[in-house]
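Breakdown of the fold
Residue strings, one per chain:
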Amino acid sequence: MRPNEITEILNRPISRELLARDLTRLAYVAEDGTPRTVPIGFTWNGSQIVMCTSTNAPKLPALRHNPAVALTIDTEVHPPRILLIRGRAELDVVEGIPQEYLQMNGTYEMTPEQRINWEAEVRSLYESMVRIVVTPTWAKLIDFETTLPSAVEEMIRRRAQRQGS
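First things first, this report covers the structure right here in the doc. The shown structure was predicted, so the numbers you read here are calculated from the model rather than taken from an experiment.

Moving on, we come to the nonpolar core. By size, the foremost hydrophobic cluster in this structure holds 28 residues, and its most contacted members are L10, L19, I49, M51, L83, I132 and V134. Listing elements by their share of this core, those giving two or more residues are α1 (3-10), α2 (13-19), β1 (23-29), β4 (49-54), α3 (59-65), β5 (68-74), β6 (82-95) and β7 (128-142). Per-element accounting of this core gives the leading share, five residues, to β7. In this structure, L83 is in contact with I9, L10, S15, L18, L19, L71, T72, I73, K140 and L141, ignoring residues within four places of it in sequence. I97, L102, V122 and M129 belong to the second largest nonpolar core, which has seven residues in total.

This part takes up the pairing of β7. Taken across its 15 residues, β7 has twelve buried, putting it largely inside the fold. Across six bridges, the pairing between β4 and β7 is antiparallel. By the bridge assignment, S54 is partnered in β7 with M129.

Turning next to the sheet that holds β5. Pairing within the open sheet is antiparallel, and its seven strands lie in the order β2-β1-β5-β6-β7-β4-β3. Two strands bound the open sheet, and with one partner strand each, they are β2 (35-41) and β3 (43-44). With 14 bridges joining them, β6 and β7 adopt antiparallel strand pairing. Each residue of the ladder has a partner; that of L84, found in β7, is K140.

This next bit is on the pattern of salt bridges. Opposite charge on two side chains permits them to pair, given that their charged atoms come into close proximity. Inspection of every chain in the model, using the stated rule, returns ten salt bridges. Close ionic contact of R2 with E5 constitutes a salt bridge, the shortest N to O distance being 3.8 Å. The exposure class assigned to R2 is exposed, which follows from its relative accessible area of 53%. Linking D74 and R25 is a salt bridge whose minimum nitrogen-to-oxygen distance equals 2.6 Å. A residue pair is termed long-range when its members are at least 10 positions apart, and D74 in strand β5 and R25 in strand β1 qualify at 49 residues. The class of R25 is partly exposed, set by a relative accessible area of 37%. Each member of the salt-bridge network shares a partner with another, and the members are D92, E100 and R131.

Cut-offs applied
- Residues numbered from 1 in each chain as written.
- Predicted model: local features only at pLDDT ≥ 70, side-chain atom pairs only at ≥ 80, totals over all residues.
- Heavy atoms only, no water.
- Core = buried A, V, L, I, M, F, W, Y, C linked by side-chain atoms within 4.5 Å.
- Buried < 20%, exposed > 50% of the residue type's maximum accessible area, 1.4 Å probe, protein only.
- Helix = DSSP H or I, 4+ residues; strand = E, 2+ residues; numbered from the N terminus.
- Contact = heavy atoms within 4.5 Å.
- Pairing = 2+ DSSP bridges.
- Salt bridge = Lys/Arg side-chain N within 4 Å of Asp/Glu carboxyl O.

Laid out in structure tokens, this is it:
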């Protein structure tokens, strides 16, 4: 997929809404060769998905071995809106708490007092964190109005051919 095609998809209004959400599902291949999918908080910086995790997270050795990842950001309503992204994970160890971690957790509903307590707890727990940065190399938006899964698009084409349309 060409970069301009990826940019066009990610700049669509529905994609922008999805990229402003709190959670993505990160899919990767574990060290034992089996697939894994984990929900993880993220932020979109305009060109990359940034996720943060603890330095002892089990996913880190797997991502170092095989950095190919897939992300799903979706809604819980019908029809669903789904943004699929593929890329490679780059890992950066950061002393302290990355600013992105504080940003991505800023959309949860907390009172100001809860936020202060949460941030104090985070700062006391983590000496460092790992930023998982994914630059999209492929993207697809499925909204079931203007875009569909490719298999459904193919079935619609076949039906039209059968019906002589």
